[in-house]
Amino acid sequence: MTKLGGTPTMTTRIFGSGIRRREDPRLMTGQADYTDDIRLRGMVHAAILRSPHAHAKINSIDTSAARNAPGVLAVYTGADTDGVLNPIPCAWLPPDSDIKAVDHPAMAVDTVRYVGDAVAVVVAESRYQAEDALELINVDYSALPSVVNPQAAMASGAPQLHEDAPNNQAFHWVVAGGDADAAFAAAAGDPQNHVVVSENIVQQRLIPNAMEPRSAVASWQSAMGELTLWSTSQNPHIVRFLCSLVTGIGEHKIRVIAVDVGGGFGSKVAMYADEMLATFCTMQLGRPVKWTATRSEGYMSTIHGRDHVQQVEMAATKDGKITGLRATVYAGMGAYLSTAGPGVPTILHGLMYSGPYEIPNVKGDIFGVFTNTTPVDAYRGAGRPEATFLLERMIELLAAELDIDPVEMRRRNLIQPFEDGHDVSTGLTYDSGNYQGTLDLALQHVDYPALRKEQTELRSQGQYMGIAVSTYCEICGLGPSQVAGAVGFGGGLWESAIVRFYATGKVNVFVGTSPHGQGEETTFAQIVSDELGVPVEDIEIIHGDTDITPMGWGTYGSRTTVVGGAAVVLSARKIKEKGKALAAHLLEAAEEDIEYEDGKFFVRGSPDQNKTIQDIALMANVAWNMPEGMEPGLEATTFYDPPNFSYPFGAHVAVVSVDADNGHIVLQRYVAVDDCGPQINPVIVEGQVHGGVVQGAGQALWEGVVYDDNGQLLTGSMLDYALPKAHLLPNIEVLSTVTPSPHNPLGVKGIGETGSIASTVTIYNAVIDALKPLGITKLEMPLSSQRVWQAIQQAKGA
Amino acid sequence: MLLVHFLREELGLTGTKIGCDTSQCGACVVSMNGSTVKSCTCLAVQADGAEIATIEGLANGSELHPMQEAFWDNHGLQCGYCTAGMIMTAVEMLERNPHPSSDEVRAGLEGNLCRCTGYQNIVKSILAAAEKMDGHAHNDETGGHAHHDH
Ligand code: FES
Ligand code: FES
């Protein structure tokens, strides 16, 4: 028989202990229910016909043959859904940005705008029949010119996607702090004492690739007017809210279920047309409808990430103090604005232009651009990897220009340690930081001087070893609702949690957040156990079902433990307060004299006179002997709205070797030193770092979406899109420091995205460092062997 | 009909997952007559008469298979979607090579994708299972378990 591994002994605190995850048994035995595993009585299957054109007029659609195909129950097109389903909304509209929230119909009516745009949906008795019938639908298109590159899309004469968005400009948002123009003018006016470096950086488009494809099961109960929607979502309550806007069903009549979800990385935040089509179909047919994307279908229809063209300049004094940063960014939005899409290159990106550094003068012009491509939205890190890349790349260029060691260059500009609040030029107030601390630890761990020495030796033997060190700081724990409103997010960002004790002393915790691999069924139980002395085995965390759980805004932006965990601990503390009052009554003592320790309430000075939390739970539930005026039950609810964001930080080191004969890169070592505040479960924290670092490595080395000039998705399947594989990777060395967030009840900061925020540029810089002897200063990502080999050949020829 | 669809749709054995449509991801790995196959590459009729083992059959009642234990002990899974395929692959890997090196384990996962873990703890889990299963055999030989049951 198995028992809970790593269960701490009496002396070990459960908070901070790397216990085994409580969700694992069902996930490891095939007993979990992911959306595509749901099978309902009478369930039928939907398949969606998608546009093969990047841009085209629809002249006509002939569905007659498909309708008569075996097993087919119905075929619907945009003509059927138009006016019945409202457009799919964009929920993040940054203010003062002249944003064009163009209509995004659930199915194209007369125009398709990207390869993958939904054109028709077939419902059949089986999935095979539905897919076969798709081929019988005849769509007559007139192809239109298309554009896929965000910078090209804004050039005059570029094909236009939306009448209401001239030059394909979706928005123009500006971040400004200090006076960047003056700083650059000063640098230009005094070249003796200043340098300016500039660079064009392309953050290629990525496909998130959660291993579970998106899926929906929609079941309409017409008699009650109720919809149940199983959905692969990171935020079922937002789906309920937006589903109600799209379908007109009252929010109170919609139940969204997303308990076991196979990864998201941001790609399951957005509200998608497909789920609404499944809903439309069940409402038409009165039978439950399942739709599950194939992987290739997901590549077209699930959001992509990144896609920035950045023109950046950085100014500094000759002794290496950064004086200004200016950037113009063309951020591809795809054909329509996805749910949170516009917030990513603006709020989550531009506001981080100071990073962990004192950069007094900052200006960013961010253009969101429509292109004939799959919509772009949050992908692990969402805006911050792009900001970190930009900063770390420019600092590396400055260091090279000034011939200062890149580590020293960073040191000269890092913000000094602070414990409670530091204002930066972009207008943010960071919570706490000790950037030097993580940097020192990283350098010490790798023995930086020794590494550089090894590099020098290898170089003298004609071998290419590269080293890079990054320091970063990011914004997460989203966030204060008032700020959310001020920056155009169409919702709140608070969280709620109910802690409920039963008479037997067992506990359910109902949370609004919706973890899907991050392990909060364990960390939240640890929080409650630590706070109330109940063994974790007696605590069950319930999430992901909107009919059962209280409102929450979901799991993204590294906010689940930070914001959701705060709601949990505050509820637990309320339980403790009530427990104290009840214990005082039962022990016939004054409440002030009651102390609490390790699950026991006792009279000060007489620990034998005590009531356990289980005694209290029993009495509160049976309520035979309650103090005057006290309500029965032992349950507490908290709605927690954080006063600030949280700002994890760290220092990462990458060591690579490049084989000049074939351009092959080997990631030799990767060291991540991160500070996310106190760690509730360090094993889970480490796992998050591993996964994040490897996803970031994917962007640097292997991954990238390719569209041809006609908007055809050339990386249309897993055959053509290279994902990180086990044999390509070293063990990631994970270290940490602990700087608590002053404003969070647990001090925690969030760890879900730090890896992917820092690793792409760290690995990129290491490769460029390796190739320095050849004079190579820039390469296009991903750094494929072929690309690197060509650059080496060119450099050697020159 | 593909074997994976037969398992999932006809038999209701949904522990085996589908992660791709190009035989890349390994989420669908099952054991057929003792060796692993990607059940999305194989027709159900091809499995006629074969013995198929899926993740549902790995644990012995509530007693987990040592490989499952090792994944649990070493945080070898996050979202769990790749896990059935990983574990089925890993079990066969150790049958062929009971003492793999870390590099051999990584190479053996060539056909399995995981987007959550960065593979590190999967590799660690498999190495730990190798050690444990080996130790187990020793214990059995020396009767090292006897003192537990009285
Ligand atoms: S589903 Fe079989 S390999 Fe991906
Ligand atoms: S644990 Fe999520 S894909 Fe492997």
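The rules behind each value
- Numbers given to residues run from 1 along each chain, matching the order in which its sequence is written.
- Chains carry letters from A onward and ligands carry numbers from 1 onward, assigned in written order.
- Only residues with pLDDT of 70 or above have their local features reported here, since the model is predicted, and side-chain atom pairs are shown and tallied only from 80 upward, although totals for entire chains, interfaces and linings are computed over all residues.
- No hydrogens and no water enter the side-chain calculation; it runs on all heavy atoms of the structure.
- Two rings belonging to Phe, Tyr or Trp (six-membered ring only in the last case) form a pair when the distance between their centres is within 6.5 Å. Interplanar angles under 30 degrees mark stacking, angles over 60 mark edge-to-face geometry, and anything in between is tilted.
- Going along the chain from the N terminus, every DSSP run of H or I of four or more residues is numbered as a helix, and every run of E of two or more is numbered as a strand.
- Only protein chains enter the area calculation, which uses a 1.4 Å probe; residues under 20% of their type maximum are buried, those over 50% are exposed, and those in between are partly exposed.
- Cation placement over rings: the criterion is NZ of Lys or CZ of Arg within 6 Å of the ring centroid and within 35° of the ring normal.
- In this analysis, two residues are considered to be in contact whenever any of their non-hydrogen atoms come within 4.5 Å of each other.
- Two strands make a pair as long as DSSP finds a minimum of two bridges between them.
- pLDDT runs from 0 to 100 and stands for how confident the predictor is about each residue.

Enquirer: Can you lay out the packing of aromatic side chains for me, pointing to particular residues and giving the numbers?
Expert: Residues and elements named next belong to chain A. Counted under the stated rule, the structure contains 14 aromatic pairs over all chains. Aromatic side chains Tyr435 and Phe649 sit 4.9 Å apart centroid to centroid with 85 degrees between the ring planes, which places their arrangement in the edge-to-face category. With Tyr435 in helix H12 (residues 435–446) and Phe649 in strand S26 (residues 649–659), this pair connects stretches of sequence that are 214 residues apart. Each member of the pair, Tyr435 as well as Phe649, is classed as buried. Both rings, one in Tyr596 and one in Phe601, keep their centres 5.1 Å apart while their planes meet at 55 degrees; by these two values the pair is tilted. Considered together, Tyr596 and Phe601 belong to a single accessibility category, that of buried residues. Taken together, Phe241, Trp494, Trp553 and Phe639 form an aromatic cluster joined through their ring pairs. The ring of Tyr272 has Arg214 lying over it, and the distance from NZ or CZ to the ring centre is 3.4 Å. The ring of Phe184 is capped by Arg326, whose NZ or CZ atom sits 4.2 Å from the centre of that ring.

Enquirer: Pulling in residues and values, what's your account of the environment of A:Arg573?
Expert: All names here are of chain A. Along the chain, the position of Arg573 falls in helix H16 (residues 560–586). The exposure class assigned to Arg573 is partly exposed, which follows from its relative accessible area of 31%. Once residues within four sequence positions are removed from consideration, Arg573 is found in contact with Glu531 and Pro745.

Enquirer: Which residues make up the sheet that holds strand S6 (residues 138–143) of chain A, and what are the values?
Expert: All names here are of chain A. Taken in spatial order, the 3 strands of this open sheet run S4-S2-S6, and their pairing is antiparallel. Of all the strands in the sheet, the pair left with one neighbour each is strand S4 (111–112) and S6. In the sheet, strand S2 (residues 56–62) pairs with S4 via 2 bridges, with the strands oriented antiparallel. Residue pairing in the sheet places Ala56 in a bridge with Val112 of S4.

Enquirer: Give a detailed account of the confidence of the model for chain B, specifying residues and quantitative values.
Expert: Parts of the model with low pLDDT should not have their predicted coordinates read in detail. Residues and elements named next belong to chain B. Summing up the model confidence of chain B, the mean pLDDT is 91 and the portion of residues at 70 or higher is 89%. Low pLDDT, under 50, characterises residues 137–150; the stretch is placed with 4 contacts to residues that sit more than four places away or in other chains. Here the predicted complex scores 0.96 on pTM and 0.97 on ipTM.

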